[in-house]
Amino acid sequence: MDLNLRHKILNLDCPQVMGILNVTPDSFSDGGCFVTPDALQLQIEKMLQAGVAIIDVGGESTRPGAQQVGLAEELERVVPCIELIRRISDVPISIDTSKPEVMRAAIAAGADMINDVNALRAEGALKAAAELGVPVCLMHMQGEPKTMQQQPEYTDVIQQVLGFFVERIAACEAAGLARENIFLDPGFGFGKTVEHNFQMLKKLELFHSLGCPLLVGISRKSMLGAVTGKPVEQRLAGSLAAVVVAALQGAQVLRVHDVAETIDALRVVQATQMEER
Ligand code: 7PM
């Protein structure tokens, strides 16, 4: 199965790594240390060197409890960053946003796909994505970033997330988006308890039932802190274990902070899965 991105074709038969590039001064894992152009370029080059498949550029902090970012500020953060990547590489770029104006500006600046934690539910987002005609990632979130971790409740988290996907895929198709351009993401940490998150990771395979490729973002998240007792800057080993669990269940794209380390872990998974062994 291949995915057509404007700057490259991505082979989804082996797990691909999406590197996180936060351009937010308050981003939780990186403490805003990528916001100067030099530091940003260094981080981009590091990911490229490691062999990243997609770079996910985000200028709006989606951290639980985070304040919303204004349109002008978000544009000022992400557009120069996308232009910078495009000057040095043809690596596929994803824009992490919920705002239709940012989607349009990012794609015009050279981005190739849309990653929306709001699953194109914002006013005008569905229309923008359909007109742009690029692949999209629909992520599940219960509630809103400000309050979603207050009391997440499900009777059956997997069935409810699947039900949400069914509804959003239908909305996307009605708006003219092609189904082969839709990634699904269960949204680890977005309106879920630690238990909900591990139920989803354990049965991740079930999310393949709708026929769309899966994108998983689990890197450094608090569910890993909950079982290792480690603060965010010491969650690499936990993150790699979680990525392996997801890859063994066929997750096609893994969204991570630590690109080089994740690629090594996935190479070991792939070597184990080679036909001739
Ligand atoms: C706190 C909690 C800070 C979560 C930052 C985050 C995802 C995403 C994010 C994801 C997709 C992070 C997240 N998470 N997009 N954006 N899937 N598609 O770890 O899981 O960067 S923000």
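Residues numbered from 1 in each chain as written. Predicted model: local features only at pLDDT ≥ 70, side-chain atom pairs only at ≥ 80, totals over all residues. Heavy atoms only, no water.

**Student:** For this particular structure, what's the right way to read the pattern of salt bridges?
**Tutor:** For side chains bearing opposite charge, pairing can occur when the charged atoms are close. Counted under the stated rule, the structure contains twelve salt bridges. Between Glu 73 and Arg 77 there is a salt bridge; the shortest N-O distance is 2.5 Å. Of this pair, Glu 73 and Arg 77 both sit in helix α2 (residues 71–88), four residues apart, which is roughly one turn of that helix. As a salt-bridge pair, Lys 127 and Glu 131 come within 3.1 Å of each other at their nearest N and O atoms. Taken together, the residues span about one helical turn, with Lys 127 and Glu 131 both in helix α4 (residues 125–132) at a distance of four residues. Using a relative accessible area of 53% as the deciding quantity, one classes Lys 127 as exposed. Here the salt bridges share partners, and the residues they tie into one network are Asp 56, Asp 96 and Arg 255. (Salt bridge = Lys/Arg side-chain N within 4 Å of Asp/Glu carboxyl O. Helix = DSSP H or I, 4+ residues; strand = E, 2+ residues; numbered from the N terminus. Buried < 20%, exposed > 50% of the residue type's maximum accessible area, 1.4 Å probe, protein only.)

**Student:** Explain the environment of Glu 173 to me, please; I cannot follow it from the model alone.
**Tutor:** Position of Glu 173 among the secondary structure elements: in helix α5 (residues 157–175). Distance from Glu 173 to Gly 225, taken between C-alpha atoms, is 38 Å for residues 52 residues apart in sequence.

**Student:** Whenever I open this one, the packing of helix α3 (residues 100–109) against α4 confuses me. Can you help?
**Tutor:** Pairs of packed helices are described in terms of their axes, by the angle between the two and the distance that separates them. Across the interface, α3 lies against α4 with an axial gap of 8 Å and an inter-helix angle of 20 degrees. Between α3 and α4, the angle falls in the class roughly parallel. The element α3 and its partner α4 pack so that their crossing is right-handed. Between α3, through Pro 100, Met 103, Arg 104 and Ile 107, and α4, the contact on the second element is made entirely by Ala 125, Lys 127, Ala 128, Glu 131 and Leu 132. (Axes fitted to C-alpha atoms, helices over the stretch in contact; angles between N-to-C directions. Parallel < 35°, antiparallel > 145°, perpendicular 65-115°, else oblique. Left-handed = near helix turned anticlockwise from the far one by under 90°. Contact = heavy atoms within 4.5 Å.)

**Student:** Help me understand helix α6 (residues 194–202), please; the structure alone is not making it clear to me.
**Tutor:** Listing the buried residues of α6 in full gives His 196, Asn 197, Met 200 and Leu 201. Buried residues of α6, seen end-on, are gathered within an arc of 135 degrees and therefore sit on one face of the element. Facing away from the buried side of α6, by more than 90 degrees, are the exposed residues Glu 195 and Lys 202. (Arc of directions from axis to C-beta.)

**Student:** Sorry if this is basic, but what is going on with the confidence of the model for the protein chain here?
**Tutor:** Atom-level detail of predicted coordinates should not be read off regions where pLDDT is low. Counting all residues, the mean pLDDT for the protein chain is 93, and 92% of those residues have values of 70 or more. A low-confidence stretch, residues 27–33 stays under pLDDT 50, and its non-local contacts, those more than four residues away or across chains, total 16 contacts. (pLDDT = per-residue confidence, 0-100.)

**Student:** I tried to follow α5 on my own but got confused; where do I start?
**Tutor:** At 3.6 residues per turn, the α-helix brings residues three or four places apart onto the same side. Taking 1.5 Å of rise per residue, the 19 residues of α5 would be expected to cover 27 Å, and the 27 Å separating its terminal C-alpha atoms lies within 8% of that figure. Every buried residue of α5 is accounted for by Val 157, Ile 158, Val 161, Leu 162, Phe 164, Phe 165, Arg 168, Ile 169, Ala 171 and Cys 172. Packing partners of the buried residues in α5 comprise α4, β7 (136–139), β8 (182–185) and α6. Two or three places before Ile 158, at the opening of α5, Asp 156 has a side-chain oxygen 3.2 Å from that residue's backbone nitrogen. Looking at the residues trailing α5, positive phi occurs at Gly 176, about 105 degrees. (Expected span 1.5 Å × (residues − 1). Polar contact = N/O pair within 3.5 Å; in protein donor to acceptor, adjacent residues only side chain to side chain.)

**Student:** Can you help me understand the pairing of strand β5 (residues 93–96) in this one?
**Tutor:** Residues in a regular strand point their side chains to alternate faces of the sheet. On β5, burial covers both faces: Ile 93 and Ile 95 on one face and Ser 94 and Asp 96 on the other are all buried. The sheet contact formed by strand β4 (residues 54–58) and β5 spans four bridges and is parallel. Bridged to Ile 55 within β5 is Ile 93. Examined bridge by bridge, β5 and strand β6 (residues 113–116) share three bridges and lie parallel to one another. When the sheet's bridge partners are listed, Ser 94 is paired in β6 with Met 113. With respect to chirality, the unit in which β5 leads through α3 into the neighbouring parallel β6 is right-handed. (Pairing = 2+ DSSP bridges. Right-handed = clockwise from strand over helix to strand, strands pointing away.)

**Student:** Please explain the sheet that holds β7 as it appears in this structure.
**Tutor:** Each strand in a sheet pairs with its neighbour through backbone hydrogen bonds, running either in the same direction (parallel) or in the opposite one (antiparallel). Strand order in the open sheet formed by eight strands is β8-β7-β6-β5-β4-β3-β10-β9, with parallel pairing between adjacent strands. Unpaired on one side and paired on the other, β8 and β9 (215–217) mark the two borders of the sheet. When the angles between neighbouring strand axes are averaged without regard to direction, this sheet yields 25 degrees. Here β9 pairs with strand β10 (residues 253–256) via three bridges, running parallel. Across the sheet, residue Gly 217 finds its bridge partner in β10, namely Arg 255. Set on the sheet, α3 makes contact with β5 and β6; between it and β6 the angle comes to about 150 degrees.

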